[in-house]
Amino acid sequence: MAEDVSQGKVDLELPPLDNRLVASAAARLDAAKIPHVLWGNYMLTIFGIPTIVDGIDFVIDDDFMDAAYHTLQGEGFKECKSEGCISKKNLGYAPTPHNHLHITESLSLGFYKKSDILWRLPNLLNVDGETIILASDLNQLPGPDILGRGGRFQQDLHPVRVLAVYQLVPALLLLAKKDMSTYGRYWMNWISYILEYCTENGVFDQNRLTGIYKTYINAFLEGDYTAKHQAFACIGITE
Ligand SMILES: [Zn+2]
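Within an unreviewed UniProt entry, the label attached to the protein chain reads Thioredoxin reductase, and the organism entered is Pseudovirgaria hyperparasitica.

As structure tokens, then:
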């Protein structure tokens, strides 16, 4: 309708959720100099893990939480208007974002604090190929699966930062330890997906882990319950 045209950018309609939308959100954050990496289920698909995509998640440097929210609000990402929104609930079995916007009513854009998720990472900007890589990395990420789903991003999109898999697995083990009494199992499920799908597609080789993380994953894969528990007890302390 003609009268809608003049309502300004707060009423912009977003395109469907796909790699292009993720890259354009990352581009907005980069333009505003907001340190971030992609996170959540969308990130898992990039590693070739088939999972239900429930939106976009970013881990943001703590000092930029409000800036990230305000940068993407009004770019078509909508303020949450639902009291019963799942992204606001304290679920007990899964983490909830520090704050969030919406792509659609059921698809959200979640912002997680770096200090809650990736506290050991020195910074979220440094693409060194070992700690942080690009979502389009040809060497470390798979192509799409036989149904054309998931895998690395197209080369022509704005570069999107993600953790390298050898950084992601230790980060998830640290999270499982930190959140042991709440949703530690949620992070352990991510590790199981990585071991299942990323070993098969060649993205992950357990022998490239080091220290206690390697000990833990080897025990996990061998089904050695005692060694696994002993290693888990040392995570966050000895490495
Ligand atoms: Zn919401």
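Picking up after the structure, the text goes on.
**Student:** I'm lost on the overall build of the protein chain in this one. Help?
**Tutor:** Assigned secondary structure in the protein chain consists of eight helices and six strands. The secondary structure elements of the protein chain, listed N-terminal to C-terminal, are α-β-α-β-α-β-β-α-β-β-α-α-α-α. For 239 residues, the compact-globule formula gives about 18 Å, and the C-alpha radius of gyration of the protein chain, at 18 Å, lands near that figure. Viewed in the frame of its principal axes, the protein chain has a C-alpha envelope of about 65 × 35 × 30 Å. Here the protein chain, with 239 residues, has 33% of them falling under the buried criterion. Within the protein chain, residue pairs in contact and separated by at least 24 positions form 62% of the contacts whose partners lie at least 6 positions apart.

**Student:** Explanation requested: the sheet that holds strand E1 (residues 36–39) in the structure shown.
**Tutor:** Pairing between the strands of a sheet comes from backbone hydrogen bonds, and it takes one of two forms, parallel or antiparallel. With respect to topology, four strands assemble into an open sheet ordered E1-E2-E4-E3, the strand pairing being mixed. The open sheet has two edge strands with one neighbour each: E1 and strand E3 (99–102). Within the sheet, the average angular offset between the axes of one strand and its neighbour, ignoring direction, is 25 degrees. In terms of strand pairing, E1 meets strand E2 (residues 55–60) through four bridges, oriented antiparallel. Bridge pairing links Val37 to Val59 in E2.

**Student:** Is there a simple way to think about helix H7 (residues 211–222) in this case?
**Tutor:** In an α-helix there are 3.6 residues to a turn, and that puts residues three or four apart on one side. With 12 residues, H7 ought to run about 16 Å at 1.5 Å a step, and its terminal C-alpha atoms sit 17 Å apart, in line with that. For H7, every residue scored as buried is listed here: Ile212, Tyr213, Thr215, Tyr216, Ile217 and Phe220. Looking at the buried positions of H7, the neighbouring elements they touch are helix H5 (165–178) and helix H8 (225–234). The first or second residue beyond H7 is Gly223, which carries a positive phi of 70 degrees.

**Student:** Before we go on, may I ask you to explain the pairing of strand E4 (residues 108–113) in this structure?
**Tutor:** On a regular strand, one side chain projects to one face of the sheet and the next to the other, so that they alternate. A large share of E4 lies buried, amounting to five of its six residues. Bridging between E2 and E4 involves six bridges; their strand directions are parallel. Its bridge partner lying in E4, Phe58 is registered against Phe111. One ladder, built from four bridges, connects E3 with E4; its direction is antiparallel. The partner of Leu101 across the bridge, within E4, is Leu109.

**Student:** What am I meant to see in the environment of Gln154 here?
**Tutor:** Mapping Gln154 onto the fold places it in the loop between strand E5 (132–134) and strand E6 (161–163). Taking the C-alpha atoms as reference, Gln154 lies 9.9 Å from Ala23; in sequence the two are 131 residues apart. Contacts of Gln154, omitting those with residues within four sequence positions, involve Asn19 and Ser136.

**Student:** I'm lost on the nonpolar core in this one. Help?
**Tutor:** For soluble globular proteins, the rule of thumb is that nonpolar side chains tend to be buried together. Ranked by size, the top nonpolar core spans 59 residues in total, and within it Leu38, Phe58, Val59, Val162 and Leu172 carry the most contacts. When residues of this core are assigned to their parent elements, the largest contribution, seven residues, is made by H5. Beyond its immediate sequence surroundings of up to four residues, Phe58 is in contact with His36, Val37, Leu38, Trp39, Ala68 and Phe111.

**Student:** Please explain unusual backbone geometry as it appears in this structure.
**Tutor:** What you tend to see is this: most non-glycine residues have negative phi, and most peptide bonds are trans. The backbone of Lys33 shows a phi angle near 60 degrees, a positive value even though the residue is not glycine. Mapped onto the elements, Lys33 comes out in the loop between helix H1 (19–31) and E1. What makes Lys33 exposed here is the crowd of 10 C-beta atoms within 10 Å.

**Student:** Even after reading the chapter, I still don't get the environment of Leu107, so can you show me in this structure?
**Tutor:** Mapped onto the elements, Leu107 comes out in the loop between E3 and E4. As for Leu107 and Leu121, which are separated by 14 residues in sequence, their C-alpha atoms are 28 Å apart. Dropping the residues within four chain positions of it, Leu107 is found in contact with Leu17, Asp54, Gly55 and His102.

**Student:** Would you mind showing me how to read H1 here?
**Tutor:** For H1, spanning 13 residues, the distance from its first C-alpha to its last is 18 Å, which sits close to the expected 18 Å at 1.5 Å a residue. Listed in full, the buried residues belonging to H1 are Val22, Ala23, Ala25, Ala26 and Leu29. In a view along the axis of H1, the buried residues occupy a sector of 160 degrees, so they form one face of it. Against the buried residues of H1 lie E1, helix H2 (40–46), E2, helix H3 (65–72) and E4. Where H1 terminates, the next one or two residues include Lys33, which has phi positive at roughly 60 degrees.

Procedures and definitions
Residues numbered from 1 in each chain as written. Predicted model: local features only at pLDDT ≥ 70, side-chain atom pairs only at ≥ 80, totals over all residues. Helix = DSSP H or I, 4+ residues; strand = E, 2+ residues; numbered from the N terminus. Rg over C-alpha atoms; globule rule 2.2 N^0.38 Å. Buried ≥ 20, exposed ≤ 12 C-beta atoms within 10 Å, placed from the backbone. Contact = placed C-beta atoms within 7 Å. Pairing = 2+ DSSP bridges. Axes fitted to C-alpha atoms, helices over the stretch in contact; angles between N-to-C directions. Expected span 1.5 Å × (residues − 1). Core = buried A, V, L, I, M, F, W, Y, C linked by C-beta atoms within 7 Å. Arc of directions from axis to C-beta.

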